Amino acid sequence: MKVLYTASDIAEKVAELGDKISLAYQGHELFIIGILKGGFMFMSDLVRRINLPMRIEFARLSSYGNSDSPIGDVALLDDIHEPITGKHVLIVDDIMDTGHSLLAYKKHLLEKGPASVKICTMIDKTQRRETSVSPDYYGFRISEGFVVGYGLDFAENYRTLPQLCVLDPEDRRNLS
Ligand code: IMP
Ligand code: MG
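Residues numbered from 1 in each chain as written. Chains lettered and ligands numbered in written order. Predicted model: local features only at pLDDT ≥ 70, side-chain atom pairs only at ≥ 80, totals over all residues. Heavy atoms only, no water.

(A) Seen up close, the packing of helix H1 (residues 7-24) against helix H2 (residues 40-47). The contact between H1 and H2 brings their axes to 9 Å, and the two run at 60 degrees. On the basis of the axis angle, H1 is oblique to H2. Taken as a pair, H1 and H2 cross one another with a handedness that is right-handed. Residue-level contacts link Val14, Leu17, Gly18 and Ile21 of H1 to Phe42, Asp45 and Leu46 of H2. Considered class by class, the residues forming the contact of H1 with H2 number five nonpolar, one polar and one charged. (Axes fitted to C-alpha atoms, helices over the stretch in contact; angles between N-to-C directions. Helix = DSSP H or I, 4+ residues; strand = E, 2+ residues; numbered from the N terminus. Parallel < 35°, antiparallel > 145°, perpendicular 65-115°, else oblique. Left-handed = near helix turned anticlockwise from the far one by under 90°. Contact = heavy atoms within 4.5 Å. Nonpolar A, V, L, I, M, F, W, Y, C, P; charged D, E, K, R; others polar.)

This is the structure in structure tokens:
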């Protein structure tokens, strides 16, 4: 397993993103929605670097299960429990890959009448994108590879690592 970004690379990037978002939404309250489970670590670091009044909610989308390939349609397992009418919403997740999950969730949120909906992911993984969506804010951009750590898992492994690593095909075989 190769380290892509260390804990200090991540902290630096999160601080940068926090400044950028604080500036972009100056004078507004931000309604932040963290996507479980992958986005939990990034979300908790990011909100501490944003200098704005904020509301925090979580939603849970279906994951890839115990494989690294998408399995059909995106399922919304748990949604937010507060109204977002007229609110500036920022969705925070670990990674955008094909884009299907976050595009589907963004469309769902837009039906609730928010003032805006934007997306922030720790990683923008571009090669397998199958939708027109891309993150409005992202920490690191990579083209391919299966990333674990800092909230991202492979079959529930490696989620709690403080750094972002890329998994070898060999490691994947051993765990599946
Ligand atoms: P998308 O709908 O294809 O954009 O997939 C988004 C979800 O797939 C992410 O929120 C992750 O849960 C999972 N995913 C995609 N790529 C990776 C990866 O490299 N490592 C871990 N999870 C991934
Ligand atoms: Mg996810």
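Here the narrative resumes.
(B) Examining the side chain of Asp94 more closely. Mapped onto the elements of the fold, Asp94 is located in strand E5 (residues 88-96). One buried charged residue, Asp94, remains without a salt bridge, the closest side chain of opposite sign being Arg159 at 5.5 Å. With sequence-adjacent residues up to four places away left out, Asp94 is seen in contact with Gly38, Gly39, Thr121, Met122, Ile123 and Leu152. (Buried < 20%, exposed > 50% of the residue type's maximum accessible area, 1.4 Å probe, protein only. Lys, Arg positive; Asp, Glu negative; His and termini not counted. Salt bridge = Lys/Arg side-chain N within 4 Å of Asp/Glu carboxyl O.)

(C) Looking closely at H2. Among all positions of H2, only Met41, Phe42, Met43 and Leu46 are buried. Residues of H2 that are buried make contact with H1, strand E2 (30-36), strand E3 (54-61), E5 and strand E6 (116-125).

(D) Up close: the sheet that holds strand E4 (residues 76-78). Pairing in this open sheet of six strands is mixed, and the strands run E4-E3-E2-E5-E6-E7 from one edge to the other. The open sheet is flanked by E4 and strand E7 (137-142), the only strands paired with a single partner. Neighbour-to-neighbour, the strand axes of this sheet turn through a mean angle of 30 degrees, independent of strand direction. Note: E2 against E5, five bridges, orientation parallel. For Ile32, the partnering residue across the bridge sits in E5 and is Leu90. Contacts from H1 reach E2, E5, E6 and E7, with the element oriented near 140 degrees to E7. Lying on the sheet, H2 is in contact with E2, E3, E5 and E6; it crosses E2 at an angle near 155 degrees. (Pairing = 2+ DSSP bridges.)

Purely spatial values, then, with no claim about function.
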